[in-house]
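Fold and contact review
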Amino acid sequence: MTAQMRPAMAVCPGCVAAPSEAVDTAPTEARLALSLPTIHCQACISKVERGLNAHPGIHSARVNLTLKRALIEADPELRADDLIPVLEGLGFEAHELDLATLAATQSDRAGRDLLMRLAVAGFASMNVMLLSISVWSGASDATRDMFHWISAAIAFPAVIFAGKPFFINAWSALRVGRLNMDVPIVLALALALITSLWETSLSGEHAYFDAALTLTFFLLAGRYLDYRTRAVARSAAEELAALEVPRAIRMEEGEREVEVAVSELAIGDLILVRPGGRMPVDGVIATGQSELDRSLLTGETLPVFAEPGTQVSAGEVNLTGPLVVRAEAVGEDTSLHRMADLVAIAESGRSRYTSLADSAAKLYAPGVHILSALAFIGWYLYTYDLRMALNIAAAVLIITCPCALGLAVPAVTTAASGRLFKKGMLIKHSTALERLAGVDTVVFDKTGTLTAGTPQLENLDGFSRAELAIALALAEGSSHPLSRSLTAAARAAGIAPAEVTELQERPGFGTEGQYQGRTVRLGRAAWLGADQGSQTAAWLDTGNGTAPRGFLFHDALRPGAAEAVAQLHAAGKEVLLISGDTTAAVEDLAHRLGIQKWLAEALPQDKAARVQALSDQGRKVLMVGDGLNDTAALTAAHVSISPASALDAARVASDIVLLGQDLEPIAEACVVASKATKRIRENFRIATLYNVIAVPLAIAGFATPLIAALAMSSSSITVSLNALRLK
């Protein structure tokens, strides 16, 4: 790879389909969405996708674990009602999902439900613990039995209510002959309650209702911590779709303007786009002159001059003058819609990342069942005492219950997220820290990411107060970004506008007016007959016969940009700059920051393709971007970061949000992520060591279910304390 990377000119085949085919051809497939609330790991994804893709009429099926959702392309006659029984047969709950009406309140309701169950388990366990203290202190006979029966009355409904998520997931798996992590959990809870009830009915000395409740509480705590890390994740593709214009003004015979739904537009239609409006289609300008804001799609800092013959894309904003656009691509063929498809595909690919917890848990459930069954059979054959065999089997299940394993990742993620939040970074995705720890390549966008994204005037002192007064009067008559920057700088310097009359804006060129009997103008170099040069400028002609003079602007660095790049280089990571801005602007910024590899004038698909190419080379890419043109690359990257000032779609597509203006915490986030991954592995080793010591004791009969519960709780507390070391 050379120090300067030129933009790729190739276009993906899907982006150059003949536009006439989009209108003339009838739809050949349906798009369906199904909610899958009970999926939780890579094995679930593989099972669902295999089952759906094997069903007649389905062209493709992709599962997004973060959103717990399946996106399906199928024959037009296929309905969601036909697929729900297929998924239920695989052991998964499924519901038809309307993406257009999906509300965030569903996620909020799930969180409130988990929190309520956690509170019930905690409250019940504290009460039963108080009763158990009396038993441990020496209560006997009738008093002990009374406390046991009261504990049973509290524990049974509390466990049934609070443990409902575990029961549902375990039953769904068992119905189709599959094991998951919830099966040993449910068996441990059931055996703890049953053996405790049996002991109570026989006036036994020991009951383990407190163990069942404590187990439920710790497991729900882990489940809720995991939920909190996912709660803010939403679909970036939906955010992109929200930017599509729902209605447009079509020009019909006799210059008649008719407002229609965008879905009714066809290729060849003439569409009026007023100033401030967003392009509803891809096309070419038929009449009118204006300036276009392409920052969402290309990242270009400044508006682009547009005139008849200029190509436009859906999503661009018309700034200054009315335009009539001839449609060349509509609906699903527009560049904005294709970008949404790129994002959806990238999101689905990212969901296939297998977390450390999923990898560690793959063989856990069958191993636990085998150990417990062997312990039961062995002790029953040895003693022919069913009561003792059940107690030992219950102790094995409780002592091996994956509570510490369930807390290992959420506890560390929560501690690390809290530390980074204090530094101004919000972790959105549950596996973001694990992925960030492995990053070896960092790709930055330019405008709005490494730079502030707003032009700043640098030569105000080079003009007289009289010239500045004229310029201010002209600038206040325009909404152009350079005019707004000039206005702010002049006002801050205490300049008052001159009395310029007949002020008018010439779309695509600038503003002009009359001052003391002469014409004054502020705008483009070509309009005023000046030499533009290599730097961004707005030119002033005071009408007194002197040559026009330029107000020079630059895009200021975002705070901490230089420090972040230097620290990433020092950490041995390769840093690249990819931007849709002009070659001169990108090259200048790369040299200022010491970035050797850069790519200018990159389209959204170019950015995504570059990130994918790096991934194909085995690189672990961190993408940092803020614009709509970065969204596909953000989702294609191994892990991604967006500033809080970024477009909604970019923030949603990213794994981490940078809350402040300073970029320096990005380098620290990589360090924290490495430490967090180290803590997670330590927690797995703690859980493994605990099982190596505790399981033989339980199988040998040295641990009652109560002792097993205490040991399980101790391992969970140890894991949590180890996670807190990150703070």
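Quantities reported herein were computed from a predicted structural model and do not represent experimental measurements.

1. Describing the environment of Ile427
Inspection of the secondary structure puts Ile427 in strand 15 (residues 425-427). The exposure class assigned to Ile427 is buried, which follows from its relative accessible area of 9%. The spacing of Ile427 and Ser654 is 227 residues in sequence and 9.4 Å in space, taken between C-alpha atoms.

2. A look at the packing of aromatic side chains
Inspection of the entire model under this criterion finds seven aromatic pairs. Relative to Tyr384, the ring of Tyr380 lies with its centre 5.8 Å away and its plane at 65°, an arrangement referred to as edge-to-face. Over the ring of Phe161 we find Arg117, and its NZ or CZ is 4.6 Å from the ring centre. In this structure, Arg549 is placed above the aromatic ring of Phe463, and the distance from its NZ or CZ to the ring centre is 4.4 Å.

3. A few points about the packing of helix 18 (residues 465-475) against helix 19 (residues 481-492)
Contact geometry of helix 18 with helix 19 gives a least axis separation of 9 Å together with a crossing angle of 135°. With respect to helix 19, the axis of helix 18 lies oblique. Here helix 18 runs over helix 19; the crossing is left-handed. Only Ser483, Leu486, Thr487, Ala490 and Arg491 of helix 19 make contact with helix 18, whose side of the interface consists of Ala471, Leu472 and Ala475. Grouping the constituent residues of the contact of helix 18 with helix 19 by class yields five nonpolar, two polar and one charged.

4. A few points about the nonpolar core
Within the largest apolar cluster, 47 residues are counted, with the highest numbers of intra-cluster contacts made by Phe209, Leu213, Leu220 and Ile399. Elements represented by at least two residues in this core include exactly helix 4 (105-136), helix 5 (141-162), helix 6 (164-175), helix 7 (182-201), helix 8 (209-230), helix 13 (364-383), helix 14 (386-399) and helix 26 (665-699). Top contributing element to this core by residue count: helix 14, with nine residues. In this view, Phe209 contacts Val128, His148, Ser151, Ala152, Ala155, Phe156, Leu193, Ser196, Leu197 and Thr200; residues no more than four positions away in its chain are not counted. Counting 44 residues, the second-largest nonpolar core is a separate cluster that includes Val412, Leu420, Met425 and Cys670.

5. Details of the side chain of Thr200
Of note, Thr200 is situated in helix 7. By relative accessible area, Thr200 is classed as buried at 2%. When residues no more than four places from it in sequence are discounted, the contact partners of Thr200 are His148, Trp149, Ala207 and Phe209.

6. A look at the pairing of strand 8 (residues 270-273)
Where strand 6 (residues 247-252) and strand 8 come together, three bridges link them in antiparallel fashion. Looking at the pairing, Ile249 lines up with Leu272 of strand 8. Relative to strand 14 (residues 323-329), strand 8 runs antiparallel, the two sharing four bridges. Counted as the bridge partner of Val273 is Leu323 from strand 14.

7. As for helix 3 (residues 80-89)
Restricting attention to buried positions, one finds in helix 3 the residues Ala80, Leu83, Ile84 and Leu87. The buried side chains of helix 3 occupy one side of the element, clustering within an arc of 115° when seen end-on. At the C-terminal side of helix 3, Gly91 shows a positive phi close to 100°.

8. Describing the sheet that holds strand 13 (residues 317-318)
Strand order in this open sheet of three strands is 11-10-13, and the pairing throughout is antiparallel. If you trace the sheet from one side to the other, it starts and ends with strand 11 (304-306) and strand 13, each paired once. Inspection of the sheet shows strand 10 (residues 290-293) paired to strand 11 by three bridges, in the antiparallel sense. Each bridged residue has a counterpart across the sheet, and for Glu291 the counterpart in strand 11 is Phe305.

Reading the values: the criteria
Residues numbered from 1 in each chain as written. Predicted model: local features only at pLDDT ≥ 70, side-chain atom pairs only at ≥ 80, totals over all residues. Heavy atoms only, no water. Helix = DSSP H or I, 4+ residues; strand = E, 2+ residues; numbered from the N terminus. Buried < 20%, exposed > 50% of the residue type's maximum accessible area, 1.4 Å probe, protein only. Phe/Tyr/Trp six-rings, centres within 6.5 Å; stacked < 30°, edge-to-face > 60°. Lys NZ or Arg CZ within 6 Å of the ring centre and 35° of its normal. Axes fitted to C-alpha atoms, helices over the stretch in contact; angles between N-to-C directions. Parallel < 35°, antiparallel > 145°, perpendicular 65-115°, else oblique. Left-handed = near helix turned anticlockwise from the far one by under 90°. Contact = heavy atoms within 4.5 Å. Nonpolar A, V, L, I, M, F, W, Y, C, P; charged D, E, K, R; others polar. Core = buried A, V, L, I, M, F, W, Y, C linked by side-chain atoms within 4.5 Å. Pairing = 2+ DSSP bridges. Arc of directions from axis to C-beta.

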